[in-house]
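Structural description and commentary
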Amino acid sequence: MSRPPYEDAASPERPAPLGDAPSDGPPDDVLAADGPSADAVSAADTPVAAPPPAGTGGTAGSEPSGDLSPVGRLAATVERLRREVRAAQAEAEGRALVELAKGVLVERLGCGPAAAARHLTELAEQAGVTPLELAVDVINQSAQDRLSEVTLGFLDTVAGRARAAEDAEAAVRLRTAESGALAAQDTQAVADSLLQHALGPLGAVAVAIWAAGPDGSLTLAGSAGFAPGESARWHYVPPDVATVARRGLTERTGHWVESLARTSLPSIGRHLFPDGGRVALPAGTGGRVHGVLEIVWPAPLVEQPPQVVRQMEALAELCAHTLETSRPPQASERPPGPLPDATELMDLAEGLHDPALVLVPHLDSTGGLADFRIQHVNSRFLDPAGRPRAVVNGALLLEAYPMAAGESELFQRVERVYATGEPFRARRMGLTALVDEVALAATADISISRHGSCVLLIWRIEDETARLASLLQNAQRLGRIGGFEENLLTGEITWNGQMFALYGRPESSPPVPLERLAAHAHPDDAVTIGRFLRTLLHHRRPASAAFRLQRPDGVTRHMRVVAEPVLDTDDRPVALRGAYQDISSQHWTEVALAATRDQLAHTEQQAHERNRLTLQLQHAIMPPAHNTPLEVPGLQVAVRYRPAEEEQLVGGDWYDAVRLPSGLVMLCVGDVAGHGIEAATSMVVLRNALRGLAVTGAGPGQLLSWLNMVAHHLTGAVTATAVCGLYDPARGTLRWARAGHLPPVLVNGEAAVPLPLVKGLLLGAVPETRYEEGELDLAAGDTLLMYTDGLIERRDRSVEESLSHLLSTARTVPPTLDQQLDRLLVHSRSDTDDDTCIVGIRVGPRTSDDGEPRDEESRAGESLHA
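What you see is a predicted model, and the numbers here were worked out from it, not measured in a lab. Every chain is numbered independently, its residues counted from 1 as its sequence is written. Whole-chain, interface and lining totals are the exception, using all residues; otherwise, since this is a predicted model, local features are given only for residues with pLDDT of at least 70 and side-chain atom pairs are given and counted only at 80 or more. Just so you know, side-chain values use all the structure's heavy atoms and leave hydrogens and water out.

This paragraph deals with the overall build of the protein. Numbering of helices and strands starts at the N terminus; helices are DSSP runs of H or I of at least 4 residues and strands are runs of E of at least 2. When helices and strands are tallied, the protein shows 24 helices and 27 strands. Buried means the residue's accessible area, taken with a 1.4 Å probe over protein chains only, is under 20% of the maximum for its type, while exposed means over 50%, and partly exposed covers the values in between. By the burial criterion, 46% of the 866 residues in the protein qualify as buried. Taking the contacts inside the protein whose residues are at least 6 apart along the sequence as the reference set, 61% of them involve residues at least 24 apart. For the protein, the exposed area adds up to about 41200 Å²; of that, 52% sits on carbon and sulfur atoms. By definition in these notes, contact holds between two residues if any of their heavy atoms fall within 4.5 Å. What sets the accessible areas is the Shrake-Rupley method with a 1.4 Å probe; for residues, cover comes only from the shown protein chains.

Shown next as structure tokens:
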């Protein structure tokens, strides 16, 4: 017959049809091979394991994928071994049924076990069924108990009678559950067998077997599908406490609950399956009720066919036999319940909006930490593979999610938090999930914390849409941008939260349409807003405008609005959308920048005018043109002045070459410390003072002594250097003195040497001082050079090195003195951007008193002395 309707809708965990291929091997081997196959049982009772959204685990197939990491391969191997163990258990249960059928044949046919095995195999081949299916038929015909009646009645009433594999499957399932129950040592094993073989295929996810006490109390004798912590919390129900199980104990036909959400009755696992259906059937035999069988469905329970009802009543009777022959577990024998910390933590986890696991340490035989047991899974937990929370509850962490020990090191993090108590939190932690041998990457925010002896693991899978929305919201907040949209057909206006903040209005107030924008803006911006609206509404083009928004709180903000029309197929505007941006900070920054720019321009203009006047003053005193300051018979005089390269560095360099009333020629150069108008003014004072003092006929040393007093007392205590010389054209001698200045350079033929130093302190340093003089006889063709430090000074060289370069340059004597001074300026390596002054003289043939040139012998005694 066809499969019953409830089997068509059963969970994918329903056992697969058993193999029906006959075998030609020995009878005992045939019986062993015809039990439930490893693949069938594995597919029947092993849900596909997969990690939680945090990406911490997964399942594996029969062989590890070549693309997996070593941890992934290990996880796949563990899953394969787990399936093989379950297959071996199912095969052992099938062997028990086959051995029982062989015993029936031995008793009825009076033959031995080997002959009974051959008869069973031959009959199975003739009937076209497996030995296991035939063994179940033999047991049903021989037993004639209520279970066989339920099975045969169920099979006979299913529509169509085209049932071959389906009939055998149902019969095998019921007998397998009976065999497991009878072979079980306690009610806990009975509960496991009933859920695995009989109730799981009907869609049930959990089962509880309650033992009734003499006082009306209920004790949880066995359960399957619930977490250990949940079972421990419900291990005892006092008398007169109304629960689903107690209703089943008092009602003869049992208590059927379509959905727990529609009743206020408490029950085990209510928070795990709040909307699921429940059935509580009295477990009785011989007129005595020993307890209750409570069955849990994950979804609301639909009306069950009578055949299914009778099947569940038969299973309740099996539980009664077990309860009759066994005693309820004592307190010392019950599985360890949750610690007080875990109980409180489970309540806390239920209040979270993110998936959470409550973990308790699992110790090995030596007392060391081997793993963590999942004590509780909150209601927000979703397993990607579809496993119910009850399956994950109570499992070991590495067993349920082996990838937790992978590259993410999640297990190591949990282990460290448990050991140290230091919480661990990570954002956007990369995790790897193993789902059906496929490694999947996931990103999650992880939080791990220790509470007493338990660990709370919380994760939040990163939602790309939510992340992008958060990024957009933060960008709008930081950029002070608000978005809006107006429906021109319905008049509906949509603002985001930032828009209300920009306008300074509460979010409960109505949005402001664009047409009324002028009413909220400064009156002077009405024209700008009108032009913006015309472009947007009449010309139907995107537009923007800057205006001043007057908010209700009296604050005026500078805003920019950008909008575009949304047109229909006929190019008619149906909506407007755009954004506002608060540009007040930018506006005031631009205002401050403009003011600073104006002030800078004014300052630059003043500085330029100041420098221009300084240069004019300096050039008026010492024009840089190539002109000869004076003409003296038998003497060439040339000067050069090169101002600083940068105008703001106008300095105090000066020179002078003048013929005195006595016939002597005064030559001098000087350098006032500093730059700018003050230095130039001081330079003019010193230059004119020296020229005026020179008419007294005093020598150069005395002139510098007087000039020092002028610099110290009359110029604001400036300091300066100078070199002064008096040349006598008639005698060809030069008397000179220096005040902290570089010595003149004498060029004689191909030799260029500085004059021997004479003592002299710089001008203005002390009130009074004396200056030594030197005297020098100059011959025809000799050249004497006076200069300021701007000609030779370098930042990276010493004065000696710079002077050596000047001497090497001066040794080359061009035909004229002007050419020689120009050559010195061209080859100068100075890098201080300072003024440069050069005064040069070249002695020609001297004439006697009668105008005739003097011979060489008359000059033989001339010498250089100080």
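Still more ground to cover, so stick around.
The next thing to look at is the sheet that holds strand E15 (residues 556-567). Strands were regarded as paired on the criterion that DSSP finds at least two bridges between them. As summarised here, the arrangement of the five strands in space is E13-E12-E16-E15-E14, forming an open sheet in which the pairing is antiparallel. Where the open sheet ends on each side, the last strands, each with one partner, are strand E13 (493-495) and strand E14 (543-550). Taking the axes of each pair of neighbouring strands and ignoring which way they run, one obtains an average angle of 25° across the sheet. Examined bridge by bridge, strand E12 (residues 481-487) and E13 share three bridges and lie antiparallel to one another. From the neighbouring strand, Glu485 faces E13, where its bridge partner is Thr494. Axis geometry follows a simple rule: fit a line to the C-alpha atoms, using only the stretch in contact for helices, then measure angles between N-to-C directions, giving values from 0 to 180 degrees. Sitting on the sheet, helix H19 (residues 526-538) is in contact with E14, E15 and strand E16 (573-582), with an inclination near 145° to E14.

With that settled, consider helix H22 (residues 700-713). Between its terminal C-alpha atoms H22 stretches 20 Å, which fits the 20 Å expected from 14 residues at 1.5 Å a residue. Every buried residue of H22 is listed here: Pro700, Gly701, Leu703, Leu704, Ser705, Leu707, Asn708, Val710 and Ala711. Helix span is expected to be 1.5 Å times the residue number reduced by one.

With phi around 65°, Asp240 is a residue other than glycine that occupies positive phi space. If you trace the backbone, Asp240 turns up in the loop between strand E3 (236-237) and helix H11 (244-250).

This part is about the state of the cysteines. When two cysteine sulfur atoms are found within 2.5 Å, that pair is recorded as a disulfide. For the coordinates displayed, the defined rule picks out zero disulfides. Cys724 takes part in no disulfide bond, and the closest cysteine sulfur, belonging to Cys668, lies 5.5 Å away.

Quick look at the packing of aromatic side chains now. Classification of ring pairs uses Phe, Tyr and Trp, with its six-membered ring standing for Trp, and accepts pairs whose centres are within 6.5 Å; under 30 degrees between planes counts as stacked, over 60 as edge-to-face, and the remaining range as tilted. According to the stated counting rule, one finds eight aromatic pairs in the structure shown. Aromatic pair Phe372 and Phe411: ring centres 5.8 Å apart, planes at 65°, arrangement edge-to-face. Of the two residues, Phe372 sits in strand E8 (residues 369-377) while Phe411 sits in helix H16 (residues 410-420), which places them 39 residues apart along the sequence. An angle of 80° between the planes, with centres 5.5 Å apart, marks the rings of Tyr503 and Tyr580 as edge-to-face. Of this pair, Tyr503 sits in helix H18 (residues 497-503) while Tyr580 sits in strand E16; the two residues are 77 residues apart in sequence, bridging distant segments of the chain. Comparing Tyr503 with Tyr580, the two get one shared label, buried.

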